[in-house]
Amino acid sequence: QHRFSPGSLQHAPGLYIAALPGAELPGWGVGEADIGLRMMALTSWLDLLVQCKIKHVVCVMDPEELQRRYADIGDGSLEKTCRGQGLSFAHVPVLDGERGSAQSAA
């Protein structure tokens, strides 16, 4: 259920994943979604990153949304969880007025 994109191979060779753990769950995994399903989605996403030898995660998301989605699963935040798996993590907050969110890993 993860989306793969080759990105712009001339400028940045590598594999990019444009997906959020839990994105396939109803309500993006927040609210009504079972905590077990949310943890399984996160674990599946992390396994995919490790298997593809991805080392860096860049999260483009509103800070409050990031907290709401990932504070109660994993190591307490998506950043701590990623770093615990040996991945680097950078958060780029969405500016006021920008819509949507995306996460990519390379």
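Residues numbered from 1 in each chain as written. Predicted model: local features only at pLDDT ≥ 70, side-chain atom pairs only at ≥ 80, totals over all residues. Heavy atoms only, no water.

1. Some words on the overall build of the chain
This is how the line gets drawn: Runs of E in the DSSP output that reach at least two residues are strands. Runs of H or I that reach at least four are helices, and both are numbered from the N terminus. Relative accessibility thresholds used throughout: buried, under 20% of the residue-type maximum; exposed, over 50%; partly exposed, between the two (1.4 Å probe, protein chains only). A contact between two residues is defined here by any heavy atoms of the two lying within 4.5 Å. Computed with the Shrake-Rupley method and a 1.4 Å probe, the accessible areas treat only the protein chains shown as cover for residues.
What the chain contains, in helices and strands, is three helices and five strands. By residue count, 30% of the 106 residues in the chain fall in the buried class. Across the chain, every contact between residues at least 6 apart in sequence was considered, and the portion connecting residues at least 24 apart equals 69%. Looking at the chain as shown, the accessible area adds up to about 6,500 Å², and 55% of this sits on carbon and sulfur atoms.

2. Examining the nonpolar core
Threshold: Here, nonpolar core refers to any group of buried Ala, Val, Leu, Ile, Met, Phe, Trp, Tyr and Cys residues whose side-chain atoms link them within 4.5 Å.
If you look at the biggest cluster of nonpolar residues, it comprises 16 residues, and the most contacted ones within it are Trp45, Val57, Tyr70, Leu78 and Cys82. Looking at this core, the elements with two or more residues in it are helix 1 (35-51), strand 3 (56-60), helix 2 (63-70) and helix 3 (78-84). Looking at this core element by element, the count peaks at four residues for helix 1.

3. Remarks on a nonpolar patch on the surface
This is how it is decided: Only residues above 30% relative accessible area that lack a salt bridge enter a patch, with like-charged residues linked at up to 9 Å and the nonpolar side chains Val, Leu, Ile, Met, Phe, Trp and Tyr linked at up to 5 Å. When a carboxyl oxygen of Asp or Glu lies within 4 Å of a side-chain nitrogen of Lys or Arg, that pair is called a salt bridge.
The grouping of Val58, Val60 and Val92 at the surface amounts to a nonpolar patch, some 180 Å² of accessible area in total. When you line up the elements, valine 58 lands in strand 3. With relative accessibility at 32%, the residue valine 58 sits in the partly exposed group.

4. Considering the environment of proline 93
You can see proline 93 is positioned in the loop between strand 4 (88-92) and strand 5 (102-105). Judged by relative accessible area, proline 93 falls into the partly exposed class, the value being 42%. Linking proline 93 and proline 63, residues 30 residues apart in sequence, is a C-alpha distance of 6.0 Å. The residues contacting proline 93, other than those within four sequence positions of it, are Met61 and Pro63.

Distances and angles like these do not, on their own, reveal function.
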